[in-house]
Amino acid sequence: MNTFKDVWNQFKLFIRFDSSTIQKISSDRYESGNAFLIVFVSLASIYLPVTLSNGFRNFFDIIFFGILDGAFAWVLSSLAMWFMLGRVFKENLDINSITTITGYAHGLVIFLSLSLFIKTYFGFFSTTSIQVVSLGIFFWIYLTISKSLEQAFFIEKNSSKISTTVFLFILVWTSGPLKIVF
(Lines give C-alpha, C1' and ligand atoms only; values in the text may rest on other atoms or scores of the structure.)
Protein backbone atom coordinates (compact mmCIF):
# COMPACT_ATOMS: atom_id res chain seq x y z
CA MET A 1 0.00 0.00 0.00
CA ASN A 2 1.43 3.34 -1.03
CA THR A 3 0.96 6.53 0.90
CA PHE A 4 -0.53 9.54 -0.82
CA LYS A 5 2.92 11.12 -0.94
CA ASP A 6 4.28 8.10 -2.85
CA VAL A 7 1.34 8.19 -5.24
CA TRP A 8 1.84 11.92 -5.79
CA ASN A 9 5.54 11.39 -6.54
CA GLN A 10 4.67 8.64 -9.02
CA PHE A 11 2.09 10.94 -10.61
CA LYS A 12 4.67 13.71 -11.05
CA LEU A 13 7.09 11.30 -12.68
CA PHE A 14 4.31 9.88 -14.87
CA ILE A 15 3.27 13.24 -16.32
CA ARG A 16 6.92 13.97 -17.07
CA PHE A 17 7.01 10.83 -19.27
CA ASP A 18 9.50 8.93 -17.09
CA SER A 19 9.92 5.55 -18.81
CA SER A 20 10.75 3.52 -15.71
CA THR A 21 7.74 4.88 -13.82
CA ILE A 22 5.44 4.16 -16.75
CA GLN A 23 6.76 0.60 -16.94
CA LYS A 24 6.36 0.14 -13.17
CA ILE A 25 2.84 1.54 -13.10
CA SER A 26 1.62 -0.43 -16.10
CA SER A 27 3.02 -3.76 -14.90
CA ASP A 28 1.64 -3.60 -11.34
CA ARG A 29 -1.90 -4.98 -11.04
CA TYR A 30 -2.56 -3.08 -7.81
CA GLU A 31 -1.79 0.40 -9.15
CA SER A 32 -5.40 0.78 -10.34
CA GLY A 33 -6.39 1.62 -6.76
CA ASN A 34 -3.86 4.43 -6.74
CA ALA A 35 -5.22 5.57 -10.11
CA PHE A 36 -8.72 5.71 -8.60
CA LEU A 37 -7.34 7.84 -5.78
CA ILE A 38 -5.87 10.25 -8.32
CA VAL A 39 -9.15 10.39 -10.25
CA PHE A 40 -11.07 11.03 -7.03
CA VAL A 41 -8.76 13.89 -6.02
CA SER A 42 -8.86 15.43 -9.50
CA LEU A 43 -12.67 15.31 -9.63
CA ALA A 44 -12.96 16.73 -6.12
CA SER A 45 -10.59 19.53 -7.07
CA ILE A 46 -12.90 20.63 -9.88
CA TYR A 47 -15.69 21.28 -7.40
CA LEU A 48 -13.54 23.24 -4.97
CA PRO A 49 -13.46 26.59 -6.84
CA VAL A 50 -17.07 26.20 -7.97
CA THR A 51 -18.42 25.60 -4.46
CA LEU A 52 -16.29 28.31 -2.90
CA SER A 53 -17.61 30.90 -5.31
CA ASN A 54 -21.28 29.89 -5.49
CA GLY A 55 -22.24 28.08 -2.29
CA PHE A 56 -24.89 25.41 -2.78
CA ARG A 57 -27.70 24.36 -0.50
CA ASN A 58 -27.24 20.68 -1.25
CA PHE A 59 -23.47 20.83 -1.25
CA PHE A 60 -22.75 17.18 -0.45
CA ASP A 61 -25.25 15.82 -2.97
CA ILE A 62 -23.74 17.81 -5.80
CA ILE A 63 -20.17 16.83 -4.96
CA PHE A 64 -20.98 13.17 -4.23
CA PHE A 65 -22.98 12.61 -7.40
CA GLY A 66 -20.56 14.68 -9.44
CA ILE A 67 -17.59 12.61 -8.34
CA LEU A 68 -19.59 9.43 -8.87
CA ASP A 69 -20.54 10.61 -12.37
CA GLY A 70 -16.95 11.54 -13.19
CA ALA A 71 -15.60 8.20 -11.92
CA PHE A 72 -18.22 6.33 -13.94
CA ALA A 73 -17.27 8.31 -17.05
CA TRP A 74 -13.60 7.47 -16.47
CA VAL A 75 -14.32 3.75 -16.09
CA LEU A 76 -16.65 3.73 -19.11
CA SER A 77 -14.13 5.49 -21.33
CA SER A 78 -11.32 3.21 -20.10
CA LEU A 79 -13.44 0.17 -20.94
CA ALA A 80 -14.14 1.58 -24.40
CA MET A 81 -10.43 2.14 -24.92
CA TRP A 82 -9.61 -1.39 -23.75
CA PHE A 83 -12.29 -2.84 -26.02
CA MET A 84 -11.01 -0.85 -28.98
CA LEU A 85 -7.41 -1.89 -28.38
CA GLY A 86 -8.42 -5.52 -27.90
CA ARG A 87 -11.00 -6.00 -30.63
CA VAL A 88 -10.09 -3.49 -33.31
CA PHE A 89 -6.30 -3.40 -33.03
CA LYS A 90 -5.89 -6.99 -31.73
CA GLU A 91 -3.73 -6.03 -28.75
CA ASN A 92 -3.78 -8.27 -25.69
CA LEU A 93 -3.84 -5.86 -22.75
CA ASP A 94 -4.98 -6.12 -19.15
CA ILE A 95 -7.88 -3.85 -18.18
CA ASN A 96 -6.10 -2.91 -14.94
CA SER A 97 -3.16 -1.54 -16.90
CA ILE A 98 -5.43 0.57 -19.08
CA THR A 99 -7.37 1.99 -16.12
CA THR A 100 -4.10 2.72 -14.33
CA ILE A 101 -2.65 4.68 -17.23
CA THR A 102 -5.87 6.59 -17.89
CA GLY A 103 -6.37 7.25 -14.18
CA TYR A 104 -2.92 8.71 -13.74
CA ALA A 105 -3.45 10.84 -16.86
CA HIS A 106 -6.84 11.97 -15.52
CA GLY A 107 -4.96 13.56 -12.65
CA LEU A 108 -3.95 16.37 -14.99
CA VAL A 109 -7.46 17.75 -14.46
CA ILE A 110 -6.07 19.17 -11.21
CA PHE A 111 -4.31 21.83 -13.29
CA LEU A 112 -7.66 22.71 -14.85
CA SER A 113 -9.18 23.26 -11.43
CA LEU A 114 -6.16 25.34 -10.48
CA SER A 115 -6.82 27.64 -13.44
CA LEU A 116 -10.50 27.87 -12.45
CA PHE A 117 -9.44 28.81 -8.92
CA ILE A 118 -7.13 31.53 -10.25
CA LYS A 119 -9.92 32.86 -12.47
CA THR A 120 -12.45 32.88 -9.66
CA TYR A 121 -10.37 34.58 -7.00
CA PHE A 122 -7.78 36.61 -8.82
CA GLY A 123 -9.46 37.40 -12.14
CA PHE A 124 -6.34 36.84 -14.22
CA PHE A 125 -8.08 34.67 -16.78
CA SER A 126 -11.10 35.33 -18.95
CA THR A 127 -13.52 32.60 -19.97
CA THR A 128 -11.85 32.29 -23.35
CA SER A 129 -8.43 31.80 -21.79
CA ILE A 130 -9.85 29.12 -19.46
CA GLN A 131 -11.13 27.27 -22.52
CA VAL A 132 -7.73 27.55 -24.19
CA VAL A 133 -6.03 26.28 -21.03
CA SER A 134 -8.50 23.39 -20.84
CA LEU A 135 -7.79 22.44 -24.46
CA GLY A 136 -4.07 22.51 -23.66
CA ILE A 137 -4.61 20.27 -20.64
CA PHE A 138 -6.68 17.81 -22.67
CA PHE A 139 -3.93 17.78 -25.28
CA TRP A 140 -1.45 17.01 -22.48
CA ILE A 141 -3.71 14.15 -21.34
CA TYR A 142 -3.82 12.91 -24.94
CA LEU A 143 -0.02 12.95 -25.21
CA THR A 144 0.42 11.31 -21.82
CA ILE A 145 -1.87 8.39 -22.60
CA SER A 146 -0.65 7.80 -26.14
CA LYS A 147 3.04 7.98 -25.19
CA SER A 148 2.43 5.71 -22.19
CA LEU A 149 0.74 3.11 -24.37
CA GLU A 150 3.63 3.23 -26.80
CA GLN A 151 6.28 2.96 -24.09
CA ALA A 152 4.63 0.45 -21.79
CA PHE A 153 3.01 -1.95 -24.25
CA PHE A 154 4.89 -1.24 -27.49
CA ILE A 155 1.68 -0.38 -29.33
CA GLU A 156 1.90 1.28 -32.73
CA LYS A 157 1.52 5.06 -32.82
CA ASN A 158 -1.67 5.05 -34.90
CA SER A 159 -3.38 2.51 -32.65
CA SER A 160 -2.48 4.39 -29.49
CA LYS A 161 -3.50 7.77 -30.92
CA ILE A 162 -6.87 6.55 -32.18
CA SER A 163 -7.72 4.73 -28.95
CA THR A 164 -6.65 7.75 -26.88
CA THR A 165 -8.88 9.99 -28.99
CA VAL A 166 -11.82 7.64 -28.37
CA PHE A 167 -11.05 7.67 -24.65
CA LEU A 168 -11.04 11.47 -24.47
CA PHE A 169 -14.17 11.81 -26.59
CA ILE A 170 -16.16 9.44 -24.38
CA LEU A 171 -14.71 10.96 -21.22
CA VAL A 172 -15.68 14.52 -22.12
CA TRP A 173 -19.04 13.43 -23.53
CA THR A 174 -20.13 11.49 -20.46
CA SER A 175 -18.44 13.30 -17.56
CA GLY A 176 -20.54 15.89 -15.79
CA PRO A 177 -17.67 17.51 -13.85
CA LEU A 178 -15.66 18.10 -17.01
CA LYS A 179 -18.66 19.80 -18.61
CA ILE A 180 -18.45 22.48 -15.91
CA VAL A 181 -15.44 23.89 -17.71
CA PHE A 182 -17.10 24.03 -21.09
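Each chain carries its own residue numbering, running from 1 in the direction its sequence is written. Per-residue local features are limited, in this predicted model, to residues with pLDDT of at least 70; the limit for side-chain atom pairs, both in listing and counting, is 80 or more; totals at the level of whole chains, interfaces and linings are taken over all residues. Excluding hydrogens and water, the side-chain values take into account all heavy atoms of the structure.

A short note on the overall build of the protein chain
For step 1, the next point in the chain: Counting from the N terminus, the helices are the DSSP runs of H or I reaching at least four residues and the strands are the DSSP runs of E reaching at least two. A count of helices and strands for the protein chain gives nine helices and zero strands.
For step 2, the next point in the chain: Along the chain direction, N to C, the helices and strands of the protein chain fall in the order α-α-α-α-α-α-α-α-α.
For step 3, the next point in the chain: Here the C-alpha atoms of the protein chain give a radius of gyration of 16 Å, agreeing with the 16 Å that 2.2 N^0.38 yields for 182 residues.
For step 4, the next point in the chain: The buried share of the protein chain, taken over its 182 residues, is 44%.
For step 5, the next point in the chain: Sequence separation of at least 24 residues holds for 73% of the intrachain contacts in the protein chain that already meet a minimum separation of 6.
For step 6, the next point in the chain: In these tables, accessible area is a Shrake-Rupley quantity obtained with a 1.4 Å probe, and a residue counts as shielded only by the protein chains included in the view. Counting only carbon and sulfur atoms, one obtains 66% of the accessible surface of the protein chain, whose full area is about 9,700 Å².
For step 7, the next point in the chain: Residues counted as positive are Lys and Arg, residues counted as negative are Asp and Glu, and His and the chain ends are not counted. The atom standing in for a charge is NZ when the residue is Lys, CZ when it is Arg, CG when it is Asp and CD when it is Glu. Side chains of the protein chain carry 13 positive and 10 negative charges; the gap between the two charge centres is 6 Å. Here the radius of gyration uses the C-alpha set of atoms, whereas the globule reference equals 2.2 Å times the residue count to the power 0.38. The buried label goes to any residue with under 20% of its type's maximum accessible area, the exposed label to any with over 50%, and the partly exposed label to all in between, with areas taken from a 1.4 Å probe on protein chains only. Note on contacts: a residue pair qualifies if any of its non-hydrogen atoms lie within 4.5 Å across the two residues.

Concerning the side chain of Glu-150
For step 1, the next point in the chain: Residue placement: Glu-150 occurs in helix H7 (residues 127-153).
For step 2, the next point in the chain: Salt bridge, as applied in this entry: a Lys or Arg side-chain nitrogen positioned within 4 Å of an Asp or Glu carboxyl oxygen. An unpaired buried charge is present at Glu-150: no salt bridge exists, and Lys-147, the closest side chain of opposite charge, is 4.8 Å distant.
For step 3, the next point in the chain: Once residues lying within four places of it in the same chain are set aside, the contact partners of Glu-150 are Ile-155, Lys-157 and Ser-160.

With respect to a nonpolar patch on the surface
For step 1, the next point in the chain: The grouping of Leu-48, Leu-52, Tyr-121, Phe-122 and Phe-124 at the surface amounts to a nonpolar patch, some 580 Å² of accessible area in total.
For step 2, the next point in the chain: Within the residue set of the nonpolar patch, elements represented by two or more residues are helix H3 (31-54) and helix H6 (109-122).
For step 3, the next point in the chain: Under the relative-accessibility criterion, Tyr-121 is labelled partly exposed at 39%. Residues form patches when they are more than 30% accessible in relative terms and have no salt bridge. Like charges link within 9 Å. Nonpolar side chains (Val, Leu, Ile, Met, Phe, Trp, Tyr) link within 5 Å.

Re the pattern of salt bridges
Pairing between side chains of opposite charge can happen when their charged atoms approach one another.
For step 1, the next point in the chain: The full count for this structure, using the stated rule, is one salt bridge.
For step 2, the next point in the chain: The closest approach of N and O atoms between Arg-29 and Asp-94, which form a salt bridge, is 3.1 Å. Residue Arg-29 is found in the loop between helix H2 (19-27) and H3, and its partner Asp-94 is found in the loop between helix H4 (59-88) and helix H5 (95-106); the two are separated by 65 residues along the sequence.

A closer look at the side chain of Ser-77
For step 1, the next point in the chain: Residue position: Ser-77 is located in helix H4.
For step 2, the next point in the chain: A relative accessible area of 0% places Ser-77 in the buried class.

With respect to the packing of aromatic side chains
For any pair of aromatic rings, the description consists of the separation of the ring centres together with the inter-plane angle of the planes.
For step 1, the next point in the chain: Planes of paired rings set the category: under 30 degrees apart is stacked, over 60 is edge-to-face and the rest tilted, where pairs are Phe, Tyr or Trp rings (Trp by its six-membered ring) whose centres lie within 6.5 Å. According to the stated counting rule, one finds seven aromatic pairs in the structure shown.
For step 2, the next point in the chain: Considering the side-chain rings of Phe-64 and Phe-65, the 5.1 Å spacing of their centres and the 70° angle between planes classify their relative orientation as edge-to-face.
For step 3, the next point in the chain: Centroid distance Phe-111 to Trp-140: 5.5 Å. Interplanar angle 25°. Geometry classified as stacked. With Phe-111 in helix H6 and Trp-140 in helix H7, this residue pair connects regions lying 29 residues apart in the sequence.

Topic: the environment of Gln-23
For step 1, the next point in the chain: With respect to the element layout, Gln-23 can be found in helix H2.
For step 2, the next point in the chain: Of the residues examined, Gln-23 reaches a relative accessible area of 32% and is grouped as partly exposed.
For step 3, the next point in the chain: Considering only alpha carbons, one finds Gln-23 and Leu-93, 70 residues apart in sequence, at a separation of 14 Å.
For step 4, the next point in the chain: Residues within four places of Gln-23 in sequence aside, it is in contact with Gln-151 and Ala-152.

Focus on unusual backbone geometry
For step 1, the next point in the chain: For Lys-90, which is not glycine, the phi dihedral falls at a positive 55°.
For step 2, the next point in the chain: Secondary-structure assignment places Lys-90 in the loop between H4 and H5.
For step 3, the next point in the chain: One non-glycine residue, Phe-154, lies in positive phi territory at about 55°.
For step 4, the next point in the chain: Take Phe-154: it is sitting in the loop between H7 and helix H8 (157-174).

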